[in-house]
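In case you want the letters, here they are:
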Amino acid sequence: MSSRSELARCGRVTVEFEIEEAREARDRKARSISGSALIYLRGPKFLIYVSGALSMWGDRMWHFAISVFLIELYGHNLLLTAVFGLVVAGSVLLLGALIGDWVDRNPRNKVAHASLFIQNISVTMCSIVLMLVFSNKQWIERVWDGWLTVVCYTVVIILADVANLASTALTIAIQRDWIVVITGYNRGHLAGMNATMRRIDQVTNILAPLAVGQVMTLASNVVGCGFILGWNLVSLIVEFIFLSRVYRIVPALSLKPTAEESQDPSLEEKTAKKQGAPPVPGGSELPEGSCEGSRERGAAALPLCLQRLRGLIGTCRDGWRAYYRQPVFLTGMGLAFLYTTVLGFDCITTGYAYTQGISGSLLSLLMGVSAIAGLMGTVIFTKLRRLYGLVTTGVISSCLHLGCLMLCVVSVFAPGSPLDLSLLGPSTGANSSATGGPSGPRPKHTYPLQGSSNQPLLPDRSSIHWTNNTVLLENVPSGTAPESYTSIILLFLGVITARIGLWSFDLTVTQLLQESICESERGVVNGVQSSMNYLMDLLHFVMVISAPQPQHFGVLVLVSVLFITTGHTMYFVYARKARRRHAPDT
């Protein structure tokens, strides 16, 4: 009896001991998990994600709000918005190489902090000016016979353009340079960070305009300006602290080679050296000839202002040369060609959908679905890159993108399409428009633009409604029900599904540029890439100006697919050369 009781007591002690060990193991595991989570939250990747999310959120809010504010300031006319878009695109087109060269020549922390400060302060000052204009609009219109209003317009556009230039510099510095260094030149980690940053961008692209739009709808434009002002001030402080901490905990960020140091190969060359393969030719050094001294003496004889202008022109020329001699030149050009398209959720496509009887609420829903498709593209990119490699991932993404866009081509000729090529002829006039011309009556679901072509300088203020990326004037009638929804359904089905291949291809080209460009030229080459993107984007607006009516949209779709096909063809040529270059000698 006593032995049984002793065994029972021993059993209880053993069970209690085992339970205590299990409890301690769970505690250790929980501490390790919490410790790992704490390390990640304090790590550079998370800090970059948070900083990028704040910056992207502010950019998306501002880009949406400034378009609405400019339309609100100028009444029913889109002149200010068009001027702003032209100024922004033209400034990046002309100054892209200079911005990239400035990023290359200065320490990383100074570039990031200066870009961040200029961007947020410019938006803050612009918001203050807009608040003053909206609050005292009638008084400002009476000063100097209305010229004070023109001055305010000019100040707003200049400040917004400066903010955009600073945002371009910050994007080049963080997303094209810092991320490569933070990942330790590891291709897998680099692909993961690129995909995560793109997912953050897709989410903010939907939520940020919605948030500021609700503030402007429920309150007023002045409150909306104040909301953006407060956000930028808070975001400036948080981003400054986070980027400073990342710079401190990643020592490699403080080591930045100059353009003269040839010991800094690209990521692809470093990988090739590790594998014992011959390095990929990334560029050639500028020859040093005897003519250098004579050139310098000739330049010194010029006035100081002309010397600086000549230096700026030389920097732009050298930047474009550096861009052209990159081994991934064709991939960058291919990506730029994808910007000449109306097949996206911008103001043009959504405006066309509105004329075809699609409501604003449905457009917002379609934009949400499009964002989900974009997120799927980032997931597919990481999996394809892991299975087939980066170059093959781009080929697969290109084929997927082009295949989905074939639905848009079919939509041009599907039932319900308003395509009318007779409107492009020179004989189209007011009489033919009224009577229907030789092609018969116009489709009932389209409408002509209202209002006089002579818009006064200071038109009356009008209320507007806005969806996520398009502004709908109150006096413009909504599109009536078309004869068939087949065309518009095929169009948006192709646009939405094509986002999967589009964003996967975009991430592929982005990483190819990150891997192949040497560290001392990342800024200037990516600056030229931004210029090319804006140049091709300008061409797509020229297309729309040349064929502005809804009946022309089918032609714009076909031209867009042609440009996109050309861009992907450039990538196919690069992929073929890359495979031949890396193929084993037989």
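Note that the coordinates shown come from a computational prediction; the quantities given were computed from them, not determined experimentally.

Scoring rules and cut-offs
Residues numbered from 1 in each chain as written. Predicted model: local features only at pLDDT ≥ 70, side-chain atom pairs only at ≥ 80, totals over all residues. Heavy atoms only, no water. Helix = DSSP H or I, 4+ residues; strand = E, 2+ residues; numbered from the N terminus. Buried < 20%, exposed > 50% of the residue type's maximum accessible area, 1.4 Å probe, protein only. Areas by Shrake-Rupley, 256 points an atom, 1.4 Å probe, with all protein chains shown as cover. Disulfide = S-S within 2.5 Å. Core = buried A, V, L, I, M, F, W, Y, C linked by side-chain atoms within 4.5 Å. Contact = heavy atoms within 4.5 Å. Phe/Tyr/Trp six-rings, centres within 6.5 Å; stacked < 30°, edge-to-face > 60°. Salt bridge = Lys/Arg side-chain N within 4 Å of Asp/Glu carboxyl O.

Asks: What's the story with the overall build of the protein in this structure? I'm lost.
Replies: A count of helices and strands for the protein gives 19 helices and two strands. When the 586 residues of the protein are sorted by exposure, 48% land in the buried category. Summed over all atoms, the accessible surface of the protein reaches about 28900 Å², with 65% contributed by carbon and sulfur.

Asks: Even after reading the chapter, I still don't get the state of the cysteines, so can you show me in this structure?
Replies: Note on terminology: disulfide describes a covalent bond linking the sulfur atoms of two cysteines. Considering all chains together, one arrives at zero disulfides under this definition. No disulfide involves Cys404; its sulfur sits 8.8 Å from the nearest other cysteine sulfur, which is in Cys408. Taking relative accessible area as the criterion, Cys408 reaches 0% and is therefore assigned buried.

Asks: Honestly, the nonpolar core in this entry has me stumped. Any pointers?
Replies: It is characteristic of soluble globular proteins that their nonpolar side chains tend to be buried jointly. Val342, Leu343, Leu491, Phe492, Phe553, Val557 and Tyr571 are the most contacted members of the largest nonpolar core, which totals 68 residues. Ignoring any residue separated from it by four or fewer positions in sequence, one finds Leu343 in contact with Thr349, Leu405, Cys408, Leu491, Val495, Arg499, Val557, Ser560 and Val561. Met61, Ala65, Val88 and Cys152 belong to the second-largest nonpolar core, a separate cluster that totals 33 residues.

Asks: Is there a simple way to explain the packing of aromatic side chains in this structure?
Replies: Working definition: an aromatic ring pair is given by the centre-to-centre distance plus the angle between the planes. Within this structure, the stated rule accounts for nine aromatic pairs. With centroids separated by 5.9 Å and ring planes inclined at 50 degrees, the aromatic side chains of Tyr571 and Tyr574 adopt a geometry described as tilted. Here the residue Tyr571 and the residue Tyr574 both occupy positions in helix α19 (residues 553-582), the gap between them amounting to three residues, near one helical turn. The exposure class assigned to Tyr571 is buried, which follows from its relative accessible area of 0%. Judged by relative accessible area, which is 4%, Tyr574 ranks as buried. Taken together, the ring pairs in this structure connect Trp320, Tyr323, Tyr324 and Phe329 into an aromatic cluster.

Asks: Would you explain the environment of Ile48 in this entry?
Replies: With respect to the helices, strands and loops of the structure, Ile48 is situated in helix α2 (residues 44-73). Here Ile48 falls in the buried class, since its relative accessible area comes to 1%. Through-space distance from the C-alpha of Ile48 to that of Glu239 is 8.9 Å; in sequence the pair is 191 residues apart. Excluding its chain neighbours within four sequence positions, the residues that come into contact with Ile48 are Ile174, Trp178, Ile182, Met193, Met197, Leu243 and Val246.

Asks: Sorry, what's going on with the environment of Leu243 here?
Replies: For Leu243, the position within the fold is in helix α8 (residues 221-249). For the pair Leu243 and Gly52, spaced 191 residues apart in sequence, the C-alpha separation works out to 9.9 Å.

Asks: Please clarify how the environment of Leu502 should be interpreted in this entry.
Replies: In this structure, Leu502 sits in helix α17 (residues 486-516). Taking the C-alpha atoms as reference points, Leu502 and Leu338, 164 residues apart in sequence, are found 8.9 Å from one another. When residues no more than four places from it in sequence are discounted, the contact partners of Leu502 are Leu338 and His401.

Asks: Even after reading the chapter, I still don't get the pattern of salt bridges, so can you show me in this structure?
Replies: Close approach of charged atoms allows side chains of opposite charge to pair. This structure, assessed with the given rule, holds eight salt bridges. Between Asp101 and Arg105 there is a salt bridge, with the nearest N and O atoms lying 2.7 Å from each other. Remark: Arg105 and Asp101 occur in helix α3 (residues 79-105); sequence separation between them is four residues, near one turn of the helix. Of the charged contacts in the structure, one is a salt bridge between Arg325 and Glu521, with a shortest N-O distance of 2.7 Å. Taken together, the positions of Arg325 in the loop between α11 (304-324) and α12 (329-337) and Glu521 in the loop between α17 and α18 (522-546) put the pair 196 residues apart, joining distant regions of the chain.

Asks: Any chance you could explain the side chain of Thr315 here in plain terms?
Replies: Position of Thr315 relative to the elements: it lies in helix α11. Non-local contacts of Thr315, meaning those with residues more than four positions away in its chain, are made with Leu98 and Asp101.

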